[in-house]
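# Residue-level structure breakdown
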Amino acid sequence: MDRDFTILAIETSCDETAAAIIRGGRTIISNVVASQIDEHRRYGGIVPEVASRQHILTINAVLHDALRPLPGGWNDIHAVAATYGPGLAGALMTGLNVAKAIAWIRELPFIGVNHIEAHIYANWLVTEDQPDAPEPQFPVVALVVSGGHTLLALLEGHGRYRLLGQTRDDAAGEAFDKVARLLGLGFPGGPAIQKAAENAPGGVTLPRAWLRDSYDFSFSGLKTAVLHQIREYRAREAALQPGAGKRSASAAAESPLPPTIVARLARAFQESVVDVLVTKTVEAARAFGATEILLAGGVAANLRLREELRRRAPVPVRVPPIALCTDNAAMIGAAAFYRFEAGKQDGWDLDVQPNLPLQAE
Ligand code: KG4
Ligand code: ZN
């Protein structure tokens, strides 16, 4: 397909309002992301109603910024794409309907994109420091780890996926966020835990849920293990208080945990998550003869995960720059290009699919 083919892509599946212009599926002409993180932080997590309203308030300005580098403006766009799932229904609706309206008015093809597939396609984008990076060569194994998803997939060609395994409970990012909350660290939890774990003393080992003979993951038991460690620490502290009794035990339960305890648990938690993710990904890469491992999703920003995967992988590991690991519309544009190239496009009746799985069509 024409390497000048230019796609306007929109992403509003969660708490980022994003628009991007992508040329030839790989070149980023613009990539605008308006994060709502400050709106949600006060609630300690994402509030769907707040997200929907914020997308409506922000989308026009984001689109305006994304179009700015195009000399011909709207006339330079050849197709419009948007995420239609998975994600929050109300949030998805804004981006999807804006994209459909633009495509309809401009009489352009419209392409609906699976958000998880798009996270993987962030690995097809080229960046300024490596403008000539070769495309990934199939088969590849992709590890998608974000706030909403954790899965391992085999890609045998564009649009040809095999879901190898996924989380049976919490997503990896969700586990980071929940454990950060238990430790009294801020939201989002991933970066906070990574920071707390830096230079932390060892000495604590938390369990790993291997789920033998399966590429599935489970992180909720690990979260409970952290909670038990915190309770044990509190109980020990309360017992040491002079006149230890009910009053001092409950007072201790409310006080912040000392930084060394937080650091030690943050490190042990992170090591456990990284160990399981890396072990299963490396096994899959070997089993399916992958030429490369592609990392994707917000948790791919985790430095320990990158380091450990690179250390243990039998093949090269590709990781997008951090700004392309977290939610953005550039990855939607990349995924849309290869869908369109394969002859796929969507009608005006395409609706949001909040639980859309990663599936080959
Ligand atoms: O992909 P993403 O931006 O949104 C979803 O589609 O979910 O991922 C956000 C998730 C959050 O759970 C956040 O805590 C996690 O990615 N995250 C990290 C790091 N940076 C972000 N987790 C671990 N280490 C990090 N450095
Ligand atoms: Zn995402």
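In case you missed it, the structure is sitting above this.
Residues numbered from 1 in each chain as written. Chains lettered and ligands numbered in written order. Predicted model: local features only at pLDDT ≥ 70, side-chain atom pairs only at ≥ 80, totals over all residues. Heavy atoms only, no water.

The next thing to look at is the nonpolar core. One finds Val-145, Leu-152, Leu-183, Phe-269, Leu-277, Leu-295 and Leu-305 to be the most contacted residues of the largest nonpolar core, which totals 51 residues. Secondary-structure elements contributing two or more residues to this core are strand 6 (140–145), strand 7 (150–157), helix 5 (172–182), helix 6 (189–197), helix 7 (220–240), helix 9 (259–287), strand 9 (292–296) and helix 10 (303–312). No other element matches helix 9, which puts 14 residues into this core. Apart from residues no more than four positions distant in its own chain, Leu-183 is found in contact with Val-226, Ile-230, Leu-257, Val-262, Leu-265 and Ala-266. Membership of the second largest hydrophobic core comes to 38 residues, among which are Ile-22, Ala-81, Val-144 and Ala-329. (Core = buried A, V, L, I, M, F, W, Y, C linked by side-chain atoms within 4.5 Å. Buried < 20%, exposed > 50% of the residue type's maximum accessible area, 1.4 Å probe, protein only. Helix = DSSP H or I, 4+ residues; strand = E, 2+ residues; numbered from the N terminus. Contact = heavy atoms within 4.5 Å.)

Neighbouring ligand 1 are 21 residues; Gly-147, Asp-177, Gln-194, Gly-298 and Asn-302 lie closest to it. In this structure, a nitrogen atom belonging to ligand 1 sits 2.9 Å away from a side-chain N or O atom of Gln-194. In this structure, an oxygen atom belonging to ligand 1 sits 3.2 Å away from a side-chain N or O atom of Asp-327. With the chains in place, 88% of the 560 Å² that ligand 1 exposes on its own is no longer accessible. (Near = heavy atom within 4 Å. Polar contact = N/O pair within 3.5 Å; in protein donor to acceptor, adjacent residues only side chain to side chain. Areas by Shrake-Rupley, 256 points an atom, 1.4 Å probe, with all protein chains shown as cover.)

Another aspect to go through is the layout of surface pockets. Approximately 1100 Å³ is the volume found for the largest pocket. Forming the walls of the largest pocket are 39 residues, and the residues nearest its centre are Ile-46, Ser-146, Gly-147, Gly-148 and Asp-177. Mapped onto the lining of the largest pocket, the elements with two or more residues apiece are helix 4 (115–121), helix 5, helix 6 and helix 11 (322–325). Within the lining of the largest pocket, the residues separate by chemical class into 15 nonpolar, 17 polar and 7 charged. Roughly 260 Å³ of internal volume is contained in the second largest pocket. If you trace the second largest pocket, you find 15 residues lining it, with Leu-125, Thr-127, Gln-130, Arg-318 and Val-319 closest to the centre. (1 Å grid on protein atoms, 1.4 Å probe; cavity = no way out; pocket = protein on both sides within 12 Å on 5 of 7 lines; lining within 4 Å. Points joined across faces, edges and corners; volume = space filled by probe spheres on them. Nonpolar A, V, L, I, M, F, W, Y, C, P; charged D, E, K, R; others polar.)

Don't take any of this as a statement about function, it's just geometry.
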